[in-house]
Amino acid sequence: STKYSININGRLAFSSDDMLEEALSSAKKKQEEIKLHSKELSKLWTSMRLAERSLPLLHNLFQAAEKECERCICEIQENDEIAEYDVIVKEKYAPIALDKIKVII
């Protein structure tokens, strides 16, 4: 019987001009991406700074709203008490006033 053996050695080579052009093209794409990401990062940073500045303002507005709410609740309670007192006074003194009106007529 016959035995065969095959050995293949191969190499692939690229010209340096092609490799440099590809590397240059890749570097330019990455530079453009860096510019884009840098702009996005700047916008995000500005947005974050503005949000941090608005937090104390919102806190103050919230506190003012709470105080106004408490004032309104107190005013409503006072008005309810006055209305309740008016109903009691009407029920108690209205018949007397009607009798006096009839007498005057």
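Heads up: these notes are all about the structure in this document. (Residues numbered from 1 in each chain as written. Predicted model: local features only at pLDDT ≥ 70, side-chain atom pairs only at ≥ 80, totals over all residues. Heavy atoms only, no water.)

**Digging into the overall build of the chain**
Point 1. Across its full length, the chain carries 1 helix and 0 strands.
Point 2. A total of 105 residues make up the chain; the buried ones form 0% of that total.
Point 3. For the chain, the exposed area adds up to about 10,900 Å²; of that, 61% sits on carbon and sulfur atoms. (Helix = DSSP H or I, 4+ residues; strand = E, 2+ residues; numbered from the N terminus. Buried < 20%, exposed > 50% of the residue type's maximum accessible area, 1.4 Å probe, protein only. Areas by Shrake-Rupley, 256 points an atom, 1.4 Å probe, with all protein chains shown as cover.)

**Some words on a negative patch on the surface**
Point 1. A contiguous patch of negative charge, built from Asp17, Asp18, Glu21 and Glu22, is present on the exposed surface.
Point 2. In this structure, Glu21 sits in helix α1 (residues 16-104).
Point 3. Taking relative accessible area as the criterion, Glu21 reaches 56% and is therefore assigned exposed. (Patch = residues over 30% accessible without salt bridge, like charges linked within 9 Å, V, L, I, M, F, W, Y side chains within 5 Å. Salt bridge = Lys/Arg side-chain N within 4 Å of Asp/Glu carboxyl O. Lys, Arg positive; Asp, Glu negative; His and termini not counted. Charge placed at Lys NZ, Arg CZ, Asp CG, Glu CD.)

**So, the pattern of salt bridges**
Point 1. Here the structure, examined in full by the defined rule, presents 3 salt bridges.
Point 2. Notably, a salt bridge pairs Lys35 with Glu32, separated by 3.8 Å at the nearest N-O pair. Residue Lys35 and its partner Glu32 are located together in helix α1, separated by 3 residues, close to a single helical turn.
Point 3. Taken together, the shared-partner salt bridges in this structure form one network comprising Glu68, Arg71 and Glu75.

**Regarding the state of the cysteines**
Point 1. In the structure shown here, the tally under the stated rule is 0 disulfides.
Point 2. Free cysteine Cys72: the closest other cysteine sulfur is in Cys69, separated by 6.8 Å.
Point 3. When its relative accessible area of 30% is taken as the criterion, Cys72 is described as partly exposed.
Point 4. Counting only cysteine sulfurs, Cys72 is the nearest neighbor of Cys74, a cysteine outside any disulfide, at a range of 9.4 Å.
Point 5. Here Cys74 falls in the partly exposed class, since its relative accessible area comes to 41%. (Disulfide = S-S within 2.5 Å.)

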